[in-house]
Each structure stands twice: as structure tokens, then as C-alpha cells.
Amino acid sequence: MDKIKLKANAKINLTLDVLGKRPDGYHELEMIMHGITLSDTVTISKISSPRIELKTNLGFLPTDGRNLAHKAASYMIENFEIDGGVDIGIVKKIPVAAGLAGGSADCAAVIKGMNEIFELKLSLRDMMDIGLNFGSDVPYCIMGKTALAKGRGEILESIETKLKLHIVLVKPHFSVSTAEVYRGLNLSEVKSRPQTAEALKSVMSGDVLGVCSNLCNVLETYTLKKHPSLLEVKKELKNNGAINALMSGSGPTVFGIFESKETACAAADALREINPKRTVIYCESEI
Ligand code: C5P
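Residues numbered from 1 in each chain as written. Predicted model: local features only at pLDDT ≥ 70, side-chain atom pairs only at ≥ 80, totals over all residues. Heavy atoms only, no water.

1. A short note on the overall build of the protein
The test is simple: Strands here are runs of E lasting at least two residues and helices are runs of H or I lasting at least four, both read from the DSSP assignment and numbered beginning at the N terminus. With C-alpha atoms as the basis for the radius of gyration, the globule rule is written as 2.2 Å multiplied by the number of residues raised to the power 0.38. Here the term buried applies to any residue with accessible area under 20% of the maximum for its type, exposed to any over 50%, and partly exposed to those in between, with areas from a 1.4 Å probe on protein chains only.
Each helix and strand in the protein was counted, giving ten helices and eleven strands. Its C-alpha atoms give the protein a radius of gyration of 19 Å, near enough to 19 Å, the size a compact globule of 287 residues would have. Along the longest, intermediate and shortest principal axes, the C-alpha atoms of the protein span 55 × 45 × 35 Å. By residue count, 56% of the 287 residues in the protein fall in the buried class.

Written out as C-alpha cells, the structure reads:
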């Protein structure tokens, strides 16, 4: 096989708890990651010259060693003594720097895709370990679907579920830096913490209302204070029928969960009309 085309799915966090700061500078986390149908498309082709050619449909994205997908490709070439190089094409639909793990998903797709086309025979565990070199969310993106993540985000337990959520994502026109959010988070200011065990039960039994009543993200403490407009977005989602709404990851994307595709799409239309500058996307759980 000389070429492979993969979907790189985005995620939302149904819960995100920060348990404390670690000696290595990272934070100890406990979170429920949930894959969604919104995805980028990553195409990888073998080329004979020892180069990495990366192209994306977004002109502002770096296509050199600053891009996680490029970094992963050079790691694979160096560590697995691959002759030649790769041509990588990424069609991005996942908003960038949005709390949806778009860059991590593309990076994960490169590791999985190169494992296939170069027949490296790496296990899922091997690929997840490699992925951690490029970011805390990459091991999850290699695993995909629904998972309980601990540690930096790399200690993962896959969660079997038939949970099907109807989701509207709202990505405001600004972005936030994950490092800044973790740096600025003051744990003594956190008012509510997720009930992760309760939330997990609801996820496993496919109980949408239970999931909605347990949505909680500790990083909202920092990002919502810095960007109070996100509180308005949460209100708008709820005023337009969302059962509940939450920020994903370190933000700034806010998602609402709806009873049906119809109510979600109607809300998405209404939110686009209120402010056409932001990105509003309907998607579902990745099953
Ligand atoms: O791992 P990743 O490079 O995606 O993380 C970006 C930044 O987010 C890190 O440099 C760190 O500041 C912060 N972070 C953290 N604890 C985690 C994950 C990320 O403090 N578990």
C-alpha cells in the first residue's frame, strides 16, 4: 500500500478535572473524552525522496517542523529507518486552537497511517507511547471514541458506550493557549468539580440527561473569567434548546447537547444568525 486516507476525529470533554500540579510542570487530570463526527481528512503517500511534504487547506497553518503532523512524520522516518519520505495532505474542518484536539488528531492520524503504509506492525500501545511525545491528547486521539483519561491525559481506559449525542459546537473568532490556561488556573478558585464516577455511569448506560447534568470542566474557571463572552455563548445555547452546555478542553469552543438533530440544527441556525463571525457546527457522537 503506497497511500492511505484517514479520518482524524475531534473530541469534546464531557468532564475535565484538574487534580493538582505535578513536579514535571504538567497537571494531573481526570477527564472523559468523547469522540465526535467532526473530522479532518489526512492523506499520506509514500514518496521516494527523503522529504516530508505537508499541505493543508488553511494558508495560515505552519507546514514545517512547527506542525505536529510534520513532527510525527519525521519521528517515524528517523526511528523506523524508513527509506524515502511522505507526502501529507490535511483537509481541515476542525477549528484550530479550539479545545477540540484538531492538531493532535492530525498527528495521531500520521502515526497510524505511517504504521499502515510502511507495515511497521506497531501495537496501539506503541503508537500511543509515540504520540505522547507530541502532546498530552495525542494518545487519546490514537485510541479514539470514548475514554477515561488520567495522568497527563495518557493513562487511558476505553469506555464502551452507545451514547449518541446531538451536539452544536460554537467556536468564537478568538483562540486561547492551552499553556496559558493551565498556568493561569488557580485551583482554590474552582467552585465546582466534576462527579466523574457519576458521569461515567451515565456515559456507559447511554443516559443523555444524566450526561448533561454531569457536564463539568474545571478549566472554565480561568477561560470564562478571561473571556466572559463565553458565558453568553453558553446562555445562548441553552436559550435555544440545549439541555446543557460546556466549554471543551481549555476552550474557547463551547458545545451544547440537544435532544434531537432537528432541535440542534435549528439552534445552530439561530446562533449563526446572532453572530455570523463565529464558527457553528452540528455534529454527533463518534460511534
Ligand atoms: O501536552 P500539550 O503540549 O498538549 O500541552 C500543552 C500545555 O498545556 C503544556 O505545555 C502544559 O503547560 C499544559 N498542560 C498541563 N497539564 C496537562 C496537559 C497540558 O499543564 N496534563
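Back to the text.
2. Notes on the site of the ligand
Formally: Residues are labelled near a given molecule or strand when at least one of their non-hydrogen atoms is within 4 Å of it. Counted as a polar contact is a pair of N or O atoms within 3.5 Å, where, for protein atoms, one must be capable of donating a hydrogen and the other of accepting one, and residues adjacent in sequence contribute only when both atoms are in side chains. The Shrake-Rupley method, run with a 1.4 Å probe, gives the accessible areas here. Residue values count only the displayed protein chains as cover. Three categories are distinguished: nonpolar for Ala, Val, Leu, Ile, Met, Phe, Trp, Tyr, Cys and Pro, charged for Asp, Glu, Lys and Arg, and polar for the others, with Gly belonging to the last.
Neighbouring the ligand are Gly25, Tyr26, His27, Leu29, Gly135, Ser136, Arg152, Thr178, Ala179 and Tyr182. Contacts to the ligand include His27, whose side-chain N or O atom sits 2.7 Å from an oxygen atom. With respect to the ligand, the side chain of Ser136 contributes an N or O atom lying 2.5 Å from an oxygen atom. When the ligand is considered free in solution it has 450 Å² of accessible area, and contact with the protein chains removes 72% of it. Of all the secondary-structure elements, those providing two or more residues to the shell around the ligand are β2 (27-47) and α5 (178-184). Considering each element in turn, the shell around the ligand owes the most residues, three residues, to α5. The class makeup of the residues in the shell around the ligand is four nonpolar, five polar and one charged.

3. Some points on the side chain of Lys171
Short version of the rule: Should any heavy atoms of two residues lie within 4.5 Å, those residues are counted as being in contact.
Looking at the secondary structure, you find Lys171 in strand β7 (residues 166-171). Leave out the neighbours within four places in its chain, and Lys171 touches Pro95, Val96, Ala97, Ala98, Pro252, Thr253, Arg278 and Thr279.

4. Some remarks on the nonpolar core
As a reminder of what qualifies: We define a nonpolar core as any set of buried Ala, Val, Leu, Ile, Met, Phe, Trp, Tyr and Cys residues linked to one another through side-chain atoms lying within 4.5 Å.
By size, the foremost hydrophobic cluster in this structure holds 69 residues, and its most contacted members are Ile44, Val86, Ile88, Val110, Ile111, Met114 and Leu237. The leading source of residues in this core is helix α2 (residues 102-117), at eight residues. Beyond its immediate chain neighbours, meaning those up to four positions away, Ile44 contacts Asp2, Lys3, Ile4, Val86, Asp87, Ile88, Ala109, Val110, Gly113, Met114 and Ile117. Core analysis: the second largest hydrophobic core is formed by 26 residues, Ile32, Ala98, Leu215 and Leu246 among them.

5. Some words on the packing of aromatic side chains
Just so we agree on the cut-off: Working definition: a ring pair exists when centres of Phe, Tyr or Trp rings (six-membered ring for Trp) sit within 6.5 Å. Plane angles under 30 degrees give stacked, over 60 give edge-to-face, the rest tilted.
Inspection of every chain in the model, using the stated rule, returns one aromatic pair. A centroid spacing of 5.7 Å and a plane angle of 85° characterise the contact between Tyr75 and Phe134, whose relative ring orientation is edge-to-face. In this pair, Tyr75 is assigned in helix α1 (residues 68-79) and Phe134 in the loop between α3 (124-132) and α4 (138-143), connecting sequence segments 59 residues apart. Its relative accessible area of 26% is what places Tyr75 among the partly exposed residues.

6. Describing the pairing of strand β1 (residues 3-21)
The side chains of a regular strand alternate, first on one face of the sheet and then on the other. Here is the rule: Any two strands between which DSSP finds at least two bridges are classified as paired.
For β1 and β2, the ladder comprises 16 bridges, and the chain directions are antiparallel. When the sheet's bridge partners are listed, Asn13 is paired in β2 with Met33. The turn joining β1 and β2, which pair antiparallel and follow one another in sequence, is formed by five residues; a positive phi near 95° is taken by Gly25. Pairing analysis gives two bridges linking β1 to strand β8 (residues 216-217), with the strands arranged parallel. Along β8, the bridge assignment pairs Thr15 with Cys216.

7. Quick notes on the pairing of strand β9 (residues 244-247)
Of the two faces of β9, the one carrying Asn244 and Leu246 and the one carrying Ala245 and Met247 are both buried. For β9 and strand β10 (residues 254-258), the ladder comprises four bridges, and the chain directions are antiparallel. What sits directly across from Met247, in β10, is Val254. The hairpin formed by β9 and β10 contains six residues between the paired strands, and Gly249 there has a positive phi angle of roughly 55°.

8. Remarks on helix α9 (residues 229-239)
Put simply, the rule is: Think of the arc as the fan of directions from the helix axis to the C-beta atoms.
Among the residues making up α9, those that are buried are Leu230, Val233, Lys234, Glu236 and Leu237. For α9, the arc enclosing every buried residue in end-on projection is 160°, short of the 170-degree limit, so these residues lie on one face. On its buried face, α9 sits against β7, α8 (220-226), β9, β10 and α10 (261-274). Following α9 by one or two positions, Gly241 adopts a phi angle in the positive range, close to 105°.

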